[in-house]
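One-letter residues, chain by chain:
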Amino acid sequence: DSVLADLSWLGLTWDEGPNTPLAKYGPYRQSERSTLYSKIANSLIESGKAYPCFSTPEELDAMKARMEAEGIPPRYDGTWRDADPEVVKAKIDAGDPYTVRFKVPAGARVVIDDAVRGTVSWDAEATVGDFILLRSSGVPVYNFCVAVDDASMGITTVIRAEEHLTNTLRQGLILDALGAPRPRYAHCSLILGEDKQKLSKRHGATSCNQFRLDGFLPDAMINYLALLGWNDGTDNEIFTREELIDAFDIDRIVKSPSVFDMDKLKWVNSQHLKRMEVEEILGLVEEQLGFMGMIKEGADEAKKSDFIFATTALAKQMLETTQDAATNAKTVLGYSLPAAFADLEDGSEAKEMVKQGNFYGIAMKIIEMYESGSFPTPDSSNLLAAFMDGSNKAIVEDNQVGGGDETSYPQAYKATMKSVAKEMKVKGKNLFHPVRLALTGEMSGQDVTKQMSLLALASEDDTAVNAEAADVVTIEARMEKLKGFCDSIPEEFRASKQASDDAANRSKDGKKQTKAEEEAAAAAPAVADPLDGYEGPPITALDIRVGRINKVWVHEEADKLFCEEIDVGEDEPRQIASGLRPYMNAEDLEGRMVLVLCNLKARKLAGFPSHGMVLCASNEDHSVVKLVSVPVEAKIGERVTVPGFDFEGEEGAPFAENKVGKKKVFEKIAPFLQTSEYGVPTFGGRPLLTSAGVCTSPINKGSVS
């Protein structure tokens, strides 16, 4: 029943089977087909193709020991194969126990044309000997059941694991004896765990239902499982169910074993989720919130719906599974700011930021404004404002500001941040990082107004949220904790280091601005910095290196892929698959210096192990794609830098491959990787540099990916 339930969840419905009206070939459970197996076994005895065997277990053990001692592969020696019919009848009449054995024809060979393995053959007589069909208890053995079922149900194609290949010998002999056609066989390689061992319980989820509980989509599971040992000959990895049905061809199943990669499954699942509208996911997110006990029983339906909608919209773009929406909501509703500055982990991003001195003043300003009632908070009459655009459509992009007029919460918050920035003379990350830590307890995350709005939904009167299960920390409790934290910050970290340094420099130089200079500076228009408001990962998270393409060849099974061997300054060159084939010739690539994103986790593209990504520039619709040009004197393997960012030391070290994938680091940075009006690849308007100078491209005002 659990297998049938799993198949139903996956959407693999059957045309005929258990509980199917007008079933033609039933019953379908082997336990219900015992009479049929016995009848066919007797018919094989009557036709001389099988026989009763009265050998005792002790005799069989002795037979096996003798053959092993003689160096002969153990098999039944045929003692009862041609026994006197009168003796056989007498033993049956006496009630002696017996098995039914298949009489393997002398000199028999079984040959199949396997769709995956090619031609496979066995010398039946030498390999198996006369094998058992029915045990002495009358219970049929597996291979007999399978052969009878295939014959009686008209099975035409059998696709199964390679470990069943040897079973085909016995099944083929039985089918021949029954005069039934053999199905076409396709024996697929086993699926391995990441340790390259046979997939088992120790590798994680043990049932389809566990994947359902973990928030995976049925269509994504089907998509990923289909790619384990099969591809359609292109570099496409995301398929709808209908596309898979149209594209699948048994002849494209590959022999090599596939590795079950949980990260890859999550990526496939995330791509399916991205294609869905918020409204399509609500029921699945509600299920996950229910699993975690975050929704009160008997909660007000309208308030429950609003909270589920907000939870889904907030996490939509970062979802790998629907479970992520629930866990993200729990993180947002919690508040992990420690009680004291000393409790921050040494060397952590948060502690280093507080040490810069901006945090204390900004946090105290937030507390002051909150206590005076001037700090904006979500409007209780429109708590979804941050999640809806002007046309009341769900916002899923984190950089979109919520709808409503200038008095709505998202707009009021934005105006307040501008006011605080002007009053405290801070901007960019020096403002937004302290504000985020003060309000959410985290250094990174989704838009603050959306997070505060979700908190308001969980804190309102008669909320649908189970505060205890969701670990809700209200805004009031956060402000109290923030006060205590600020009180613990040492005096030396209560003023901006930059401001102190500037004052010291002015004092040292003995210079002072005149009133006219101050007024002129104040009146000067501010130059917009593309990175103002940027709250994504630092560009230093990426390990972009200079590489040289040594070799290029066409992927045998994917029409759009080149396979490249690229020297990036490591002991061995990397192998990278790229989708450049529609845009460039192989001969134009060989010997070229390129930029390679190196800290991506290795994964297979259409069966090819690819470790890294070649960066290219493209126009708006990606109809034109060109390599980023690297200065000829740049050093192979050197890391590309960006002015204004420290690429040295621990803080400048690139993120680990797993973190880049799981945190979607490149996806968050990519919108800020663009080419200038002169074709210079930039991050937030700052050029990508090598030791030999600036990188270039022939594409102006394009993107880099």
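Placed above this text is the structure.
Within every chain, residues take consecutive numbers counted from 1 along the sequence as written. Local features are withheld for residues below a pLDDT of 70 in this predicted model, meaning they are given only at 70 or higher, and side-chain atom pairs are given and counted only at 80 or more; totals for whole chains, interfaces and linings count all residues. To get the side-chain values, take all heavy atoms of the structure and skip hydrogens and water.

**Section: the overall build of the chain**
Part 1: A run of H or I in DSSP becomes a helix once it reaches four residues, and a run of E becomes a strand once it reaches two; helices and strands are each numbered from the N terminus. Within the chain, the regular secondary structure consists of 26 helices and 24 strands.
Part 2: In terms of C-alpha radius of gyration, the chain reaches 35 Å, well past the compact-globule figure of 27 Å for 705 residues.
Part 3: If one aligns the C-alpha atoms of the chain with their principal axes, the spans along those axes are about 125 × 65 × 50 Å.
Part 4: The rule is simple: take the accessible area with a 1.4 Å probe, protein chains only, and divide by the maximum for that residue type; under 20% is buried, over 50% is exposed, in between is partly exposed. Put simply, the chain has 705 residues, and 43% of those count as buried.
Part 5: Relative to all contacts within the chain whose residues are 6 or more apart in sequence, the contacts with residues 24 or more apart total 70%.
Part 6: Accessible area for the chain stands at about 36,000 Å²; split by element, carbon and sulfur atoms hold 50% of it.
Part 7: His residues and chain termini do not enter the charge count, which takes Lys and Arg as positive and Asp and Glu as negative. Charge coordinates come from a single atom per side chain, which is NZ of Lys, CZ of Arg, CG of Asp or CD of Glu. Mean positive and mean negative side-chain charge positions of the chain (79 and 111 charges, respectively) differ by 2 Å. Radius of gyration: C-alpha atoms only; globule rule: 2.2 Å multiplied by the number of residues to the exponent 0.38. What makes two residues a contact is simply this: any of their non-hydrogen atoms within 4.5 Å. Note on areas: Shrake-Rupley, 1.4 Å probe, and residue coverage restricted to the protein chains presented here.

**Thoughts on the nonpolar core**
Part 1: If you look at the biggest cluster of nonpolar residues, it comprises 96 residues, and the most contacted ones within it are F307, L333, V354, F359, L439, L454 and L482.
Part 2: Core analysis: the next-biggest nonpolar cluster, separate from the first, contains 32 residues, A41, F131, L165 and A177 among them. We call a set of buried residues a nonpolar core when its members are Ala, Val, Leu, Ile, Met, Phe, Trp, Tyr or Cys and they connect through side-chain atoms within 4.5 Å of each other.

**A few points about the sheet that holds strand β12 (residues 574-578)**
Part 1: What the five strands build is an open sheet, ordered β12-β11-β10-β13-β16; its pairing is antiparallel. Strands at the two margins of the open sheet, each flanked by one partner only, are β12 and β16 (613-614).
Part 2: As judged from the six bridges shared by strand β10 (residues 544-554) and strand β11 (residues 562-567), these two strands associate in the antiparallel manner. Counterpart to W553 in the pairing with β11 is C563. The pairing criterion for strands is at least two bridges between them, as found by DSSP.

**Observations concerning the packing of aromatic side chains**
Part 1: Ring geometry is summarised as follows: Phe, Tyr and Trp rings, the Trp one being its six-membered ring, pair when their centres sit within 6.5 Å, and such pairs are stacked at plane angles under 30 degrees, edge-to-face over 60 and tilted between the two. Going through the model one piece at a time under the given rule, you end up with 16 aromatic pairs.
Part 2: With centroids separated by 6.4 Å and ring planes inclined at 55°, the aromatic side chains of Y37 and F144 adopt a geometry described as tilted. On the criterion of sequence distance, the pair formed by Y37 in helix α2 (residues 34-46) and F144 in helix α6 (residues 142-153) is long-range, its members being 107 residues apart. The residues Y37 and F144 share a single accessibility class, namely buried.
Part 3: When the centroid spacing of 6.4 Å and the interplanar angle of 90° are considered together, the rings of F375 and Y413 count as edge-to-face. You can see F375 sitting in the loop between α16 (358-372) and α17 (409-424) and its partner Y413 sitting in helix α17, a full 38 residues away along the chain.
Part 4: A relative accessible area of 8% places F375 in the buried class.
Part 5: Residue Y413 is classed as buried on the basis of its relative accessible area of 8%.
Part 6: Whether a charge sits over a ring comes down to the Lys NZ or Arg CZ being within 6 Å of the ring centre and within 35 degrees of the ring normal. Sitting above the plane of the F54 ring, K91 keeps its charged end 5.5 Å from the centroid.

**Overview of the sheet that holds strand β1 (residues 50-53)**
Part 1: Across the sheet, three strands lie side by side as β1-β2-β5; this open sheet has antiparallel pairing. The sheet terminates laterally at β1 and β5 (132-134), the two strands that pair on one side only. Direction aside, neighbouring strands of the sheet carry axes that sit 40° apart on average.
Part 2: Inspection of the sheet shows strand β2 (residues 99-102) paired to β5 by two bridges, in the antiparallel sense. For R101, the partnering residue across the bridge sits in β5 and is I132. Helix axes use the C-alpha atoms of the stretch in contact, all axes being lines fitted to C-alpha atoms, and the angles between their N-to-C directions lie in the range 0 to 180 degrees.

**Quick word on the pairing of β1**
Part 1: Here β1 shows no split at all, with A50 and P52 on one side and Y51 and C53 on the other all buried.
Part 2: When β1 meets β2, the two strands line up antiparallel, connected through four bridges. Pairing of C53 across the sheet is with T99, part of β2.

**Brief notes about a negative patch on the surface**
Part 1: Residues enter patches when they are more than 30% accessible in relative terms and free of salt bridges; like-charged ones are connected within 9 Å and nonpolar ones (Val, Leu, Ile, Met, Phe, Trp, Tyr) within 5 Å. Any carboxyl oxygen of Asp or Glu that lies within 4 Å of a side-chain nitrogen of Lys or Arg is treated as forming a salt bridge with it. On the surface, a cluster of negative charge is contributed by E349, D646, E648, E650 and E651.
Part 2: Mapped onto the elements, E650 comes out in the loop between β18 (625-627) and α25 (657-662).
Part 3: With a relative accessible area of 80%, E650 lands in the exposed category.

**Description of the packing of helix α13 (residues 301-315) against helix α19 (residues 448-459)**
Part 1: Running from N to C, α13 and α19 point in directions that differ by 160°, and their axes come no closer than 10 Å. In this view, α13 runs roughly antiparallel relative to α19, as classed from their interaxial angle. Note on packing geometry: the crossing formed by α13 with α19 is left-handed. Across from D306, F307, A310, T311 and L314 in α13, the residues of α19 making contact are K450, Q451, L454, L457 and A458.
Part 2: Residue composition of the contact of α13 with α19, by class: six nonpolar, two polar and two charged. Any angle that falls under 35 degrees is termed roughly parallel, while one over 145 is termed roughly antiparallel, one within 65 to 115 roughly perpendicular, and all others oblique. Each crossing is labelled by how the near helix is turned from the far one, with a counterclockwise turn of less than a right angle marking it left-handed and a clockwise turn marking it right-handed. Three residue categories are used. Nonpolar comprises Ala, Val, Leu, Ile, Met, Phe, Trp, Tyr, Cys and Pro, charged comprises Asp, Glu, Lys and Arg, and polar comprises the others, including Gly.

**Examining the side chain of Q288**
Part 1: Mapped onto the elements, Q288 comes out in helix α12 (residues 278-291).
Part 2: Any N or O atom pair separated by 3.5 Å or less is treated as a polar contact, with the protein-specific requirement of one donor-capable and one acceptor-capable atom, and with residues adjacent in sequence counted only for side-chain atom pairs. In terms of polar contacts, Q288 uses its side chain to reach the backbone carbonyl oxygen of L213, at 3.1 Å.
Part 3: If near-sequence neighbours (up to four positions away) are discounted, Q288 is found in contact with R212, L213, D214, G215, T322, Q323 and A326.

**Some remarks on the state of the cysteines**
Part 1: Disulfides are defined as cysteine sulfur pairs within 2.5 Å. Under the criterion given, the structure shown has zero disulfides.
Part 2: With no disulfide of its own, C208 has C188 as its nearest cysteine by sulfur position, at a separation of 16 Å.

**Considering the pattern of salt bridges**
Part 1: Evaluation of the coordinates by the stated rule reveals 29 salt bridges.
Part 2: One salt bridge in this structure joins K89 and D93, with 2.9 Å as the shortest N-O distance. Of this pair, K89 and D93 are both found in helix α4 (residues 85-93), four residues apart, which corresponds to roughly one turn of the helix.
Part 3: Between K330 and D471 there is a salt bridge, with its nearest N and O atoms 3.8 Å apart. In this pair, K330 is assigned in helix α14 (residues 322-333) and D471 in the loop between α20 (467-470) and α21 (475-487), connecting sequence segments 141 residues apart.
Part 4: With a relative accessible area of 28%, K330 lands in the partly exposed category.
Part 5: When its relative accessible area of 40% is taken as the criterion, D471 is described as partly exposed.

**Quick look at α17**
Part 1: With 16 residues, α17 should cover 22 Å at 1.5 Å per step; its first-to-last C-alpha distance of 22 Å lies within 8% of that length.
Part 2: When α17 is considered as a whole, its buried residues turn out to be Y409, P410, Y413, T416, M417, V420 and A421. End-on, the buried residues of α17 take up no more than an arc of 140°, which puts them together on one face. Exposed side of α17, more than 90 degrees from the buried face: K418 and K422 are the residues found there.
Part 3: Check the buried side of α17 and you find it contacts α16, α18 (429-440) and α19. To estimate how far a helix should reach, multiply one less than its number of residues by 1.5 Å. Regarding the arc, it is the one traced by the directions from the helix axis to the C-beta atoms.

**Description of the packing of helix α9 (residues 218-227) against helix α11 (residues 262-274)**
Part 1: Relative to each other, α9 and α11 sit at 130°, their axes nearing to 9 Å. If you check the angle between α9 and α11, you find them oblique. Crossing geometry of α9 relative to α11 is assigned as right-handed. Between α9 and α11, the residues in contact are D219, A220, M221, N223 and Y224 and K264, L265, V268, N269 and H272, respectively.
Part 2: The residue makeup of the contact of α9 with α11, split by class, is five nonpolar, three polar and two charged.

**A few points about the pairing of strand β4 (residues 118-123)**
Part 1: Relative to β4, strand β3 (residues 109-114) is paired through six bridges, and the arrangement is antiparallel. Residue pairing across strands places I112 opposite V120, the latter belonging to β4.
Part 2: The hairpin formed by β3 and β4 contains three residues between the paired strands.

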